[in-house]
Structure formats: structure tokens, C-alpha cells
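Okay, here's what each chain looks like letter by letter:
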Amino acid sequence: MIELDTPTPKANEVLVKVNATTVNRTDCGVRAGKPFIVRFFSGLVRPKATILGNEFAGAVAEVGADVTSFGVGDRVFGYNEGAFGAHAEYMTIAEDGALATMPAHATFAEAAAATEGSHYALSFIRRAKIASGHDVLVYGATGAIGSAAVQLAKSTGANVTAVCATDHIDLVKGLGADRVIDYTTQDFTQDRQTYDVVLDAVGKSSFSRCKRLLKPSGIYLSSDLGPLSQNPILALVTPLRRGKKVMFPIPRHDQAMVRYFKQLIESGEFKPVIDRLYPLDEIVEAYRYVETGQKIGNVVISVA
Ligand SMILES: NC(=O)c1ccc[n+]([C@@H]2O[C@H](COP(=O)([O-])OP(=O)(O)OC[C@H]3O[C@@H](n4cnc5c(N)ncnc54)[C@H](OP(=O)(O)O)[C@@H]3O)[C@@H](O)[C@H]2O)c1
């Protein structure tokens, strides 16, 4: 831990006193510079951001001279990808950045865990136009992306099949999954049902392995590039012909996205899954745990 001066918000920024943040796979990807392509955005040799942390929940401590939509004391949450800075007691974010006032009745821990995995999940659901009646399979249903994807797909009225390990069957059923495949006893790629959408939220499958699961115009999406970095290329090529397609959407993170999650949390359609909570001075342990790739939902850091 190091002591730094409290940042001063620019005219268009708010200073947030962080109460809770998360360590997530985006932080880990930027910290480790993996996959390599991440380095073109985050810094070739080392991360440009010296303080990581993209999800946050806390209270506005100071506002810049031109800020009109937030005031001191407002409880806010959001996503600060690019700038990062939430793994600290104070961070700044532009007034029109990806933040909103806290959802009613949510804890700081829940709000802090509401935007990273879930905004990836949202981008998949919107890109594939998942809607009521669609048959959707979510592989990796217990991760931050997967646990959000199950809930968001359910909120559209889709029929959701979730793939997870034995210990987490009750959890994913509680998130709304209609059917569960236990990957420790069954190879989901051999499932007899076919799907409008197969979403690999853990990056451990491929289009070729999942093709037989798709209906004739079915869509395959993955949270990762694929073993040969093939998914972005397949997403360009497969739409050129009829039939089964790969999509690889670039997620948006803006204020509308955060407000959307606020609304879903308030309506009860989305509740971020929290696995572990660490105090800030144990953040190294939190990184070690998240880097195992075995966390369930989200790992929250209490900064207060
Ligand atoms: N590059 C980036 O910036 C970036 C950002 C975000 C995410 N991603 C990628 O997106 C993926 C998901 O991220 P996330 O944050 O949702 O992951 P996560 O929260 O770390 O979760 C991984 C989950 O997958 C489950 N899992 C592990 N192996 C599995 C398997 N073989 N079959 C089914 N489930 C399995 C784990 O539970 P069990 O092992 O107990 O089943 C765990 O719950 C990751 O591969 C990550 O690299 C990349």
C-alpha cells in the first residue's frame, strides 16, 4: 500500500470517495498484459494506469466547477475502464462518464459488482438480439459474465440452459436457469437440444465444437478470442454467408449502461453474485484468487 495525494477533480469531473470496488478479469488482464493485444490499449511494457480498479461504489466528495448533475454526498456507482483508479480511497471520473446514483436498497458491495461482467453480458445479449422464447445456452454460468448473462437472458424471457460445476447447480437455478448441465459429468457440446444462441462466458470452447448445438441460423458468442484468436475473424467471415454465425461484440460502457443496471437491480431482475469480500490491504490475495479463474461471480474489495 502507498500513500498518494487525493486527486483533484477537473472542472468536468467528480471526486468519489470509494467505499467498495472489485478485482475482476479486466483488472487482471491489464495487470498481466494478457492477452498481448490488451497491451496496445493499456501500455506495451507496463500498464499506463498505475492504480487499477474499474468498478466502484461510493460517495461524491467534491465536484469540479462545471459539474451540474452530481452533488457532494451523492451515493454513486459505475465503471471507470480506461482511466481505472478505483483501487484507492479516492478516484475521479467525468460527470458524463459511466456512473449513476446508487440503486435504491443496494449495498455498496452489490453496486460495485454491478457493471464489469454484466456489461460484457449485456453486449452479447443485445448483439445477438436475445428475446422472449429464444433458447440460450450459457457456458461458464458461474463467472462474473456468465452469472449476469443468465439473469439478463432470463429477463428477456429466453429459455436458459446453464453449464456449471456440481457445487453450483443450485446457485445458477436461483439465478433463473431453466435447465442446468453439470460439466463435471456431461460434455455440454453433446447436448441433444439445439439453441438460438450459445454464449461461452468462460472462453473454453470454440465455434467448431459448439456448431452442432446451434439451430440453422444460430449464433455463437465468446468472451475470449479463442484458442487461435479466431473468434474476431470468424465474426467478420461467418455473417457473409447464410447459416450459423459467430459474433464478437465490442462492449459499450457509458452512463446509459450504468443507469440500465440500476433499473434492473431496483426491479429485482439482476443481483450481482458476490463470492468473496477482502479489505483493501488484502488486495494482493484478491488478485491471486481472481487469477485462478475459479471465482464465483464477483470479488469485492471493501475500501471503507
Ligand atoms: N481481456 C479482458 O479484458 C477480459 C475481461 C473480462 C473477461 N474476460 C474473459 O472472459 C472470461 C470470463 O470472465 P469472468 O470474469 O466472467 O470469469 P470468472 O468470473 O473468473 O469466472 C470463471 C468461472 O467459470 C467457471 N469455470 C471454470 N472452468 C470452467 C469450465 N471448464 N466449464 C464451465 N465453467 C468453468 C468457474 O467456476 P468453476 O470452475 O467452479 O466451475 C468460474 O465461476 C474469462 O476467460 C476472461 O479471460 C476477458
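To be clear, the structure that these remarks concern was listed above.
Residues numbered from 1 in each chain as written. Predicted model: local features only at pLDDT ≥ 70, side-chain atom pairs only at ≥ 80, totals over all residues. Heavy atoms only, no water.

**What about the site of the ligand?**
- Of all residues adjacent to the ligand, which total 24 residues, the nearest are R25, T142, I145, Q294 and K295.
- At a separation of 2.9 Å, an oxygen atom of the ligand approaches a polar backbone atom of A144.
- Surface burial for the ligand is 89%, taken as the share of its 910 Å² of free accessible area covered by protein chains.
- Residue assignment for the shell around the ligand shows that the elements contributing at least two residues are α1 (25–32), α4 (116–127) and α5 (144–156).
- Here the residues of the shell around the ligand are counted per class, giving 10 nonpolar, nine polar and five charged. (Near = heavy atom within 4 Å. Polar contact = N/O pair within 3.5 Å; in protein donor to acceptor, adjacent residues only side chain to side chain. Areas by Shrake-Rupley, 256 points an atom, 1.4 Å probe, with all protein chains shown as cover. Helix = DSSP H or I, 4+ residues; strand = E, 2+ residues; numbered from the N terminus. Nonpolar A, V, L, I, M, F, W, Y, C, P; charged D, E, K, R; others polar.)

**With respect to unusual backbone geometry**
- Note the cis peptide between K34 and P35, where omega equals -5°.
- Counting through the fold element by element, P35 comes out in the loop between α1 and α2 (39–42).
- With phi around 55°, F84 is a residue other than glycine that occupies positive phi space.
- Examined against the element boundaries, F84 turns out to sit in the loop between β3 (75–79) and β4 (90–94).

**Some points on the packing of aromatic side chains**
- What the rule picks out here adds up to four aromatic pairs.
- Judged by centre distance (5.9 Å) and plane angle (45°), the ring pair of F207 and Y220 falls under tilted. Taken together, the residues F207 in helix α7 (residues 207–210) and Y220 in strand β10 (residues 214–222) connect sequence positions 13 residues apart. Y220 shares its class with F207; the two are buried.
- Of the aromatic side chains, those joined through ring pairs into one cluster are Y260, F261 and F270.
- In this structure, R126 packs its charged tip against the face of Y260, placed 4.7 Å from the ring centre.
- Just above the ring of Y289 sits the side chain of R276; from NZ or CZ to the centre is 3.6 Å. (Phe/Tyr/Trp six-rings, centres within 6.5 Å; stacked < 30°, edge-to-face > 60°. Buried < 20%, exposed > 50% of the residue type's maximum accessible area, 1.4 Å probe, protein only. Lys NZ or Arg CZ within 6 Å of the ring centre and 35° of its normal.)

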